[in-house]
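Each chain, letter by letter, is given below.
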Amino acid sequence: MENVKDKLIELFRKKKIKPSYHRLKIAEYLATHKNHPTAEMIYESLSQEIPTLSRTTVYNVLKLLKDKGLVQELNIDDKGIRYDFDISPHAHFKCIICGRVYDLHGIDFSSIMKREVDGHKVLSLQLN
Ligand SMILES: [Zn+2]
């Protein structure tokens, strides 16, 4: 965990972001959770550990990270904007049974057109 934090401090320094406690905690959450969380999910998860954290802070930090190009915003469902620390172009797959959003790297586009990915049936497809 310490290693992640060191990398984030370095990344913040490069992007000229002051490494405040809340900023680092939120970035650390995104770097270590690949669940493409919404702001609300991040708030609920971190506020137990950090009682001083407010929803507004979470929203502000996410906006800052996005403006600095450290996270990308995803519009996958009506749960709200989800955040992804992986800013490389990649596909996302949402399972309608468990609700999880997965990363699909190096996916073969023809398999999507056949509407089958990793043994999952593709019900709808969204390109952006
Ligand atoms: Zn992703």
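One can find the structure itself at the top, above this paragraph.
Criteria and cut-off values
- Residues numbered from 1 in each chain as written.
- Predicted model: local features only at pLDDT ≥ 70, side-chain atom pairs only at ≥ 80, totals over all residues.
- Heavy atoms only, no water.
- Donors = N, O, S within 2.8 Å, 3.2 Å for Na, K, Ca; no water.
- Helix = DSSP H or I, 4+ residues; strand = E, 2+ residues; numbered from the N terminus.
- Buried < 20%, exposed > 50% of the residue type's maximum accessible area, 1.4 Å probe, protein only.
- Phe/Tyr/Trp six-rings, centres within 6.5 Å; stacked < 30°, edge-to-face > 60°.
- Patch = residues over 30% accessible without salt bridge, like charges linked within 9 Å, V, L, I, M, F, W, Y side chains within 5 Å.
- Areas by Shrake-Rupley, 256 points an atom, 1.4 Å probe, with all protein chains shown as cover.
- Salt bridge = Lys/Arg side-chain N within 4 Å of Asp/Glu carboxyl O.

Points about the coordination of the zinc ion
Note on the zinc ion: its protein donors are H36 (NE2), D84 (OD), H90 (NE2), H92 (NE2) and D103 (OD). The metal-donor distances range over 1.9 to 2.2 Å. Counting the intervening residues between successive donors of the zinc ion yields the motif H-x47-D-x5-H-x1-H-x10-D. Placement of H36 in the loop between α2 (21-32) and α3 (39-47) and of D84 in strand β2 (residues 82-84) is noted, with a sequence separation of 48 residues between them. When sorted by exposure, H36 lands in the same class as D84, which is buried.

Let's talk about the packing of aromatic side chains
In total, this model carries one aromatic pair according to the counting rule given. Residues F93 and Y102 carry aromatic rings whose centres are separated by 6.3 Å and whose planes lie at 45° to one another, so their mutual orientation is tilted. On the accessibility criterion, F93 (11% relative accessible area) is buried. For Y102, a relative accessible area of 28% puts it in the partly exposed group.

A look at a nonpolar patch on the surface
Together, F109, M113, L125 and L127 line one region of the surface with nonpolar side chains, adding up to about 440 Å² of accessible area. Within the secondary structure, L127 sits in the segment after β6 (120-121). By relative accessible area, L127 is classed as exposed at 70%.

A short note on the pattern of salt bridges
Enumeration over the complete set of coordinates arrives at six salt bridges. The closest approach of N and O atoms between R13 and E10, which form a salt bridge, is 3.1 Å. On the criterion of helical spacing, the pair formed by R13 and E10 is a turn pair, its members being three residues apart in helix α1 (residues 2-14). Take E10: its relative accessible area is 36%, and that puts it in the partly exposed class. One salt bridge connects R82 with D77, and the closest N-O pair in it is separated by 3.1 Å. Side by side, R82 and D77 carry an identical accessibility label, which is buried. Each of D77, R82 and K94 takes part in salt bridges that share partners, so that together they form one network.

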